[in-house]
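# Observations on chain architecture
So the chains spell out like this:
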Amino acid sequence: MVRNRFRPGASLLLTASCLAPLAAQAQTVPLFSTGVDAIGAPMNGGDRDDHYTFVQDFARGFILNNQTPGPYVQSPTSRWIWANAAGTGSGVFDCFTTFTLTAQEVASGISLTGRWTTDNTGSLLLNGVAQSSTFNSPDFTAWTPFNITSGFTVGTNTLTFRVTNLNDFAAA
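Read on for an overview of the structure. From a predicted model like this one, the values you see are computed outputs, not experimental measurements.

## A word on the overall build of the chain
Helix and strand content of the chain: 1 helix and 11 strands. Listed N to C, the secondary structure of the chain is β-β-β-β-β-β-α-β-β-β-β-β in terms of helices and strands. Looking at the chain as a whole, 45% of its 172 residues are labelled buried. Considering only contacts in the chain between residues 6 or more positions apart, those separated by 24 or more positions represent 67%. Accessible area for the chain stands at about 7800 Å²; split by element, carbon and sulfur atoms hold 55% of it.

## Some thoughts on the side chain of T160
Within the fold, T160 resides in strand β11 (residues 155-165). Here T160 is in contact with D94, C95, F96, S123, L124 and L125, once residues within four sequence places are set aside.

## Let's talk about the environment of L101
Inspection of the secondary structure assignment puts L101 in strand β6 (residues 91-101). In this structure L101 comes out as buried when scored by relative accessible area, which is 2%.

## Section: the pattern of salt bridges
Under the definition given, this model contains 2 salt bridges. Among the ionic pairs, R60 bridges to D50, the shortest N-O distance being 2.2 Å. Of this pair, R60 sits in strand β4 (residues 59-63) while D50 sits in strand β3 (residues 48-54); the two residues are 10 residues apart in sequence, bridging distant segments of the chain. On the basis of relative accessibility, which here comes to 35%, the residue R60 falls in the partly exposed class. Owing to a relative accessible area of 54%, D50 belongs among the exposed residues under this scheme.

## Side note on unusual backbone geometry
Even without being a glycine, N127 presents a positive backbone phi close to 55°. Relative to the helices and strands, N127 is located in the loop between β8 (121-126) and β9 (129-130).

## Some remarks on the pairing of β8
Extensive coverage of β8 is indicated by the burial of 5 of its 6 residues. Examined bridge by bridge, β8 and β11 share 6 bridges and lie antiparallel to one another. Across the sheet, the residue bridging to L125 is T160, located in β11. One ladder, built from 2 bridges, connects β8 with β9; its direction is antiparallel.

## Regarding the pairing of β4
Burial analysis of β4 places 4 of its 5 residues in the buried class, the great majority of the element. Counting the residues in the hairpin turn of β3 and β4 gives 4 residues, including F58, whose phi is positive at 50°. In this structure, β4 lies alongside strand β5 (residues 81-82), joined through 2 bridges in antiparallel fashion. Across the sheet, F62 pairs through a bridge with W82, a residue of β5.

## Topic: the nonpolar core
Membership of the largest hydrophobic core comes to 27 residues, with the highest contact counts inside it found for I148, F152 and L159. Taken together, the elements giving at least two residues each to this core come down to β3, β5, β6, β7 (111-119), β8, β10 (144-148) and β11. Excluding residues within four positions of it along the chain, L159 makes contact with L31, C95, F96, T97, F99, L112, L124, L125 and I148.

About the cut-offs
Residues numbered from 1 in each chain as written. Predicted model: local features only at pLDDT ≥ 70, side-chain atom pairs only at ≥ 80, totals over all residues. Heavy atoms only, no water. Helix = DSSP H or I, 4+ residues; strand = E, 2+ residues; numbered from the N terminus. Buried < 20%, exposed > 50% of the residue type's maximum accessible area, 1.4 Å probe, protein only. Contact = heavy atoms within 4.5 Å. Areas by Shrake-Rupley, 256 points an atom, 1.4 Å probe, with all protein chains shown as cover. Salt bridge = Lys/Arg side-chain N within 4 Å of Asp/Glu carboxyl O. Pairing = 2+ DSSP bridges. Core = buried A, V, L, I, M, F, W, Y, C linked by side-chain atoms within 4.5 Å.

Structural data, given as structure tokens:
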């Protein structure tokens, strides 16, 4: 990719599902892709994502205004989000979502699978523990698949995306 001042500085894109097998049936635990509303429909640029919060200001993420900057990975079921709608800001940012599991779900086994990408690099943490299967996203031009099968707790679980943006080109 030709890096120029017109691309957003940083962002995060996720599609995921969390399954808890119960007896012969798998139960889906609600986990939303980035940039979607309460029924899973992609939202517009500038809207706030109610499902993801940035630790730096404890504010909901913004859907980026520009969803197609160059060769960024795209998805019909999610949108790029960041700490602001312009995608500006360099450094390390933590963005998280939470979900609740019952004792029965945790005992029966949980599988959290999905794919994600970041600009520039990132790591995925479940309840504060880095998940090696997804550490170091390969940048914003390809999806990184993940499958987490351990580390879940009864009650609230926190899935954190630690994203490092190396340059703030949008502010140039």
